[in-house]
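Notes for the structure review
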Amino acid sequence: MKVSLTVNGEEVSASCEPRRTLADFLRHDLGYTGVHVGCEHGACGSCTVSVDGATARSCCMLAVQAEGCTVTTIEGLASSGELDPLQESFREHHGLQCGFCTPGMLATAHELLRDNPDPTDSEIRAAISGNLCRCTGYQFIVDAIKGAIRPPHDGQQRDGVVEPGAAASSRRK
Amino acid sequence: MDVGGLIGARVSRVEDVRLLTGRARFVDDVREPGMLEAAILRSPVPHARIVSVDVSKAAALPGVSAVVTGAEVKAAVRGPQPVTWQVIPDMFHPRTYALAVDKVTYPGQGIAAVAAKNRAVAEDALELIDVRYEELPAVSTLEQALAEDAPRLFDEWPSNVLGRTAVRTGDAAAAFAEADVVLSAEFRFPRQMGTPLETRGVVATWDPFTDRLDVWLTTQAPNIAQAAFAEVLGLPVGRIRVRTPDLGGGFGNKFDFYGDEVVACVLSRRTGKPVKLIEDRAESFVATVHSREQKVDIEVAARADGTITGMRGTVYGVLGGALGTAGLSPCWVTAASVTGPYDIAALDMNLVGVATNRTPYGSFRGYGLPKANFVHEHMVELLAKRLGMPAHDIRRRNFIKQFPHQSPVFVFDSGRYEECLDLCLAAVRDAGWERIRQDARARGAAVGIGYSFQNEVTGLGPSRIQTFAGSSHSGFDEEVVRIDSTGHVTVYTGLSAMGQGIHTALAQVAAHTLGVPLDHVTVLSGDTDSSPYSGYGTGASRGAPLGGAAVRTAATRLKAKVLRIAGHILEAAPEDLVITDGVIAVRGVPGRTVTMADIGDAAYRRLGGRLPEDETPTLEEREVYDPVNVATAFGCTAVLAEVDRETGVVTLLGYLIAHDCGTVINPMIVDGQLHGGAAQAIGGALSEELVYDADGRMRTRTFADYLLPSAAEVPPVAISHMATPADHVPGGFKGMGESGVIGGGAAIVNAIVDALPEYDLEITALPITPPRLLALMRKGTGR
Ligand code: FES
Ligand code: FES
């Protein structure tokens, strides 16, 4: 069947089977290979894109559900050869290693900063806790997201501690 | 080393812009004309005879191009899957093929494969394949495998013990006979894996007319894969091209060579079309190698003053139902490294390789070292407790102080362990952890501080050591540095870029050495048709010490040629010239300069009169570097942890690493590697476990079962650096890609023990999940 939607400001359409996920549709039928698939069951967050202004796991959505929607992928963040401030900050703070989680991290971080322009470290950690990264240990991702909201700090190491209780985490099991 | 250059500079990575803008190309982004997609049918049962495989319905499904069974794959190849590491020469190495032939020996083993017009159709076809199994009793655990009447995995071998050896030095029997104190412990390490966020994949094109094989492969070791294809498929190496796309992480899991990639080749040959085979996440938990699982029994002999005089015991490697390319070698590394950073005169470690009906054992960041570290750091704490001495006093007393040091197997080139421990303690002091712990305890909260000290062999390796240790692959690396006719630089490497920033690191070394701006250097890798030969690929923390050293030497020679040509043009002696930012000037004579572009032009294009008569055109140097020794990095980890006594939940509050990897090329990259390794250590200590049920079937199928730490579980991590260069390595670099994962487990557990002094815990099994911690606490109080 035919699915039409707007991706990164461009109206596009292609036909696909009804069982096609949005992730596969974006990647394989439309060529937005910047969308990554790390688990196909909603657990890793690497396939996260923005659908009508809210983040969505494109592996858990069917392409047909996106009919008429406005989708932004990682390919749509930079314009005319310039990285956006968040991309720039990820680069400056080494917020990526292999880059496989990065599309989802950027989508999630964009939404966070839109909804909460001055998040604390633990708010950032909570916001990205649904996006797994196997490479970075998250520290530099947190720094990168912070760096996108304030002038970059002076490169001093942080003291590597949080207050007891402050980091009380909700484990997923 | 000259200071202030690009070696040691915290510069942004050259890899990043492509990745940040979605312009990278990972294996699943590769699309060849006419490409088919494949899927593999995997056994749900752990142990069975295959009575029959009926593929007729699958083959008849519209959209299906080919179906192959294990027997067909065996007939189509020349040999079994290679075992690269054979550390025990007389060990039994079962011959296994890419798919199971008549027997299944682990759940997840491939039975048949389909190539179809797309993956969905291929998966539909798998459901139409009818396999009849005659189930055999599963041998799923070490105890089951070693039981006297255990069912045997291999008809042609009389036991599930595939091989034994020992690592010995000194007189352990005497050390134990004369000891004031003897301590013992038994450790259990779980099955874990690297789970790179991108699963494994391959796109194979085996042209039936030209017999050329062109493979896109998620591999950390393209030349090893190329040799393995040659061996298994019976092709000359020169007809095999392995291209490595961007890799979404490797962590050792993409070092090993898998049957799946052979299956893709066979399907391509059969159909005459390119075949893509991408592992999905669920199958990755059975189809990608597992690691870590071991039982280690250990005894330590010591004098009353805390001097450790001997260690002995046994490492049981809980292998799978087939041998992966790594064979038993990760377990051998555990046995060989169990003395760690300590000068212990006598060692007698047995190593036993035991087959079970589980996924093959293979490479994972840290290899055998995290287990060895956990063992020696546990024993140090135990000895301290027994003798009533601070654990750091035991560490200091036993640290290796003279270098080079002959360890039971390796020669450790250099180290300053006490200083590194002091650096870590200073960081803990500066972070005010002692106060935090006191205040927390005053409130009744359970907060503790734990440490571990590690050393690690990096930069594998001298080829002679690898051959001696049973590797069928060497340890050298070859890199090429070229300056083109515009004066820009290209570095060619056979190492794989998998997120670790190797392109940036090698570019920094080349730019620093040649005196050109960083953005004038391009690093190319990932194509065996054009990349130089990497003897061992990207593993064993060898990218910086091998690749970096080779680039350093090649660029140094190339710079000399540049200066000779420049001297000729400028009519000056080469010794009087300096290169800065790509401009070659006569020292002390302002204005007498040529640019690197001029030299490029003189070496490639307008040669006449400008290229000295005795110079060959072109600007290119190639260095084959086989180190004379390994390079020993070291570090100290400190962890601040809080335990919830009611729930058993452990929250990490702080994480500090003091580390020394010799000359640092890019401190930002080094920190990132340590952070990432630390996160893997945290998962390994607290939550990650591959679980088989009582029937030997795999239970772990999703990231909801296999719990990677998220940003909410990983605390802020801070790094302190010191640098003790490896004098024998050009540039002084040591490896560190695996460092972060090695010491974390012991430090976390020591922090938990410290947080709960009233329970007098002894934690010797990982991961220490909340239910397990609660159970130990109950045991501790007799509740
Ligand atoms: S691929 Fe969608 S959440 Fe993992
Ligand atoms: S950078 Fe590799 S998974 Fe996040």
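Residues numbered from 1 in each chain as written. Chains lettered and ligands numbered in written order. Predicted model: local features only at pLDDT ≥ 70, side-chain atom pairs only at ≥ 80, totals over all residues. Heavy atoms only, no water.

This part takes up the overall build of chain A. Scanning chain A for helices and strands turns up 5 helices and 5 strands. Each helix and strand of chain A, placed in order from N terminus to C terminus, yields the pattern β-β-α-β-β-β-α-α-α-α. Split into buried and exposed, the 173 residues of chain A put 54% on the buried side. A separation threshold of at least 6 residues defines the contact pool for chain A, and within that pool the share at least 24 residues apart is 55%. (Helix = DSSP H or I, 4+ residues; strand = E, 2+ residues; numbered from the N terminus. Buried < 20%, exposed > 50% of the residue type's maximum accessible area, 1.4 Å probe, protein only. Contact = heavy atoms within 4.5 Å.)

Take the interface of chain B and chain A next. Where interface size is given, it is often the accessible area lost as the parts come together that is meant. Listed per partner, the contact involves 73 residues of chain B and 58 residues of chain A. Taking both sides of the interface into account, the surface hidden between chain B and chain A amounts to around 5500 Å²; carbon and sulfur atoms contribute 57%. Linking chain B with chain A are 4 salt bridges. R19(A) is the partner of D124(B) in a salt bridge, and the nearest nitrogen-oxygen pair spans 3.0 Å. For the pair chain B and chain A, the interface holds 21 residue pairs in polar contact (both at pLDDT 80 or more). (Buried area = accessible area lost by both parts, 1.4 Å probe. Salt bridge = Lys/Arg side-chain N within 4 Å of Asp/Glu carboxyl O. Polar contact = N/O pair within 3.5 Å; in protein donor to acceptor, adjacent residues only side chain to side chain.)

With that out of the way, let us pick up the domain arrangement of chain B. Residues and elements named next belong to chain B. Per the domain assignment, the segments making up chain B are domain 1 (16-22 + 476-625), domain 2 (31-137 + 194-287) and domain 3 (399-458 + 629-783). A separation of 37 Å is found between the C-alpha centroids of domain 2 and domain 3. Each side of the interface is counted separately: domain 2 has 13 residues, and domain 3 has 13 residues. For the pair domain 2 and domain 3, the summed buried surface comes to about 1000 Å²; carbon and sulfur atoms form 64% of the total. Connecting domain 2 to domain 3 are 1 salt bridge. The salt bridge involving R697 is made with E135; its shortest N-O contact spans 3.6 Å. If one sorts the elements of the side of domain 2 that touches domain 3 by residue count, helix α9 (residues 281-287) sits on top with 4 residues. Class assignment for the residues of the side of domain 2 that touches domain 3 results in 9 nonpolar, 2 polar and 2 charged. (Domains from an automatic or database assignment. Nonpolar A, V, L, I, M, F, W, Y, C, P; charged D, E, K, R; others polar.)

Below, the discussion takes up helix α7 (residues 222-233) of chain B. Residues three or four positions apart in an α-helix share a direction because the helix packs 3.6 residues into each turn. All names here are of chain B. Here α7 is 12 residues long and its end C-alpha atoms lie 16 Å apart, about the 16 Å a rise of 1.5 Å per residue gives. With 10 of its 12 residues buried, α7 lies for the most part within the structure. For α7, the set of buried residues is P222, N223, I224, A225, Q226, A228, F229, A230, V232 and L233. The secondary structure elements touched by the buried residues of α7 are β9 (201-206), β10 (213-217), β11 (240-243) and α8 (259-271). G234, located one to two residues past α7, shows a positive phi value of around 70°. (Expected span 1.5 Å × (residues − 1).)

This part covers the sheet that holds strand β14 (residues 308-319) of chain B. All names here are of chain B. Here we have 5 strands laid out as an open sheet, ordered β7-β15-β14-β13-β8, and mixed in their pairing. Each edge of the open sheet carries a strand with a single partner, namely β7 (161-169) and β8 (181-189). Strand-to-strand twist across the sheet, computed as the mean angle between neighbouring axes with direction ignored, equals 10°. Contacts from helix α11 (residues 369-387) reach β8, β13 (294-302) and β14, with the element oriented near 145° to β8. (Pairing = 2+ DSSP bridges. Axes fitted to C-alpha atoms, helices over the stretch in contact; angles between N-to-C directions.)

Let's shift gears to the packing of aromatic side chains. Residue and element names in this part refer to chain B. All told, the structure shown has 19 aromatic pairs over all chains when counted by the stated rule. Seen in terms of ring centroids, W85 and Y536 are 6.1 Å apart; in terms of plane orientation they differ by 80°. Their pairing is edge-to-face. Of the two residues, W85 is situated in the loop between α3 (70-76) and β4 (103-104) and Y536 in the loop between β21 (521-524) and α17 (543-570); the sequence distance between them amounts to 451 residues. Its relative accessible area of 7% is what places W85 among the buried residues. Through pairs of rings, three or more aromatic residues link up here, namely Y342, F399, F403, Y417, F453 and F634. The aromatic ring of Y258 is capped on one face by R200, whose charged end is 3.7 Å from the ring centroid. One residue, R269, lies across the ring of W206, its end atom 4.9 Å from the ring centre. (Phe/Tyr/Trp six-rings, centres within 6.5 Å; stacked < 30°, edge-to-face > 60°. Lys NZ or Arg CZ within 6 Å of the ring centre and 35° of its normal.)

A few words on the pairing of strand β26 (residues 631-643) of chain B. All names here are of chain B. Extensive coverage of β26 is indicated by the burial of 13 of its 13 residues. Here β26 shows two buried faces, one formed by A631, A633, G635, T637, V639, A641 and V643 and the other by T632, F634, C636, A638, L640 and E642. The pairing of strand β18 (residues 446-458) with β26 spans 13 bridges and is classified as antiparallel. Bridge pairing links G450 to V639 in β26. Of the pairings in the sheet, the one linking β26 to strand β27 (residues 650-660) comprises 10 bridges and is antiparallel in character. Considered in β27, the bridge of A641 is made with L652. Between β26 and β27, which follow one another and run antiparallel, lie 6 residues, and G648 among them has a positive phi close to 75°.

Our focus in this paragraph is the side chain of E479(B). Residues and elements named next belong to chain B. By secondary structure assignment, the location of E479 is in strand β19 (residues 477-483). One buried charged residue, E479, forms no salt bridge at all, with the nearest opposite charge on R542 at 6.8 Å. Within the structure, E479 has its side chain in polar contact with the side chain of T493 (distance 2.5 Å). (Lys, Arg positive; Asp, Glu negative; His and termini not counted.)

Once that is clear, we can look at the domain arrangement of chain A. All names here are of chain A. Segmentation of chain A into domains returns domain 1 (2-76) and domain 2 (85-172). Contact residues are listed per partner, giving 15 residues for domain 1 and 14 residues for domain 2. For the pair domain 1 and domain 2, the number of links is 0 salt bridges. Our count for the contact surface shared by domain 1 and domain 2 stands at 6 residue pairs in polar contact (both at pLDDT 80 or more). Of all the secondary-structure elements, those providing two or more residues to the side of domain 1 that touches domain 2 are β3 (48-51) and β4 (54-57). Top contributing element to the side of domain 1 that touches domain 2 by residue count: β4, with 3 residues. Here the residues of the side of domain 1 that touches domain 2 are counted per class, giving 6 nonpolar, 8 polar and 1 charged.

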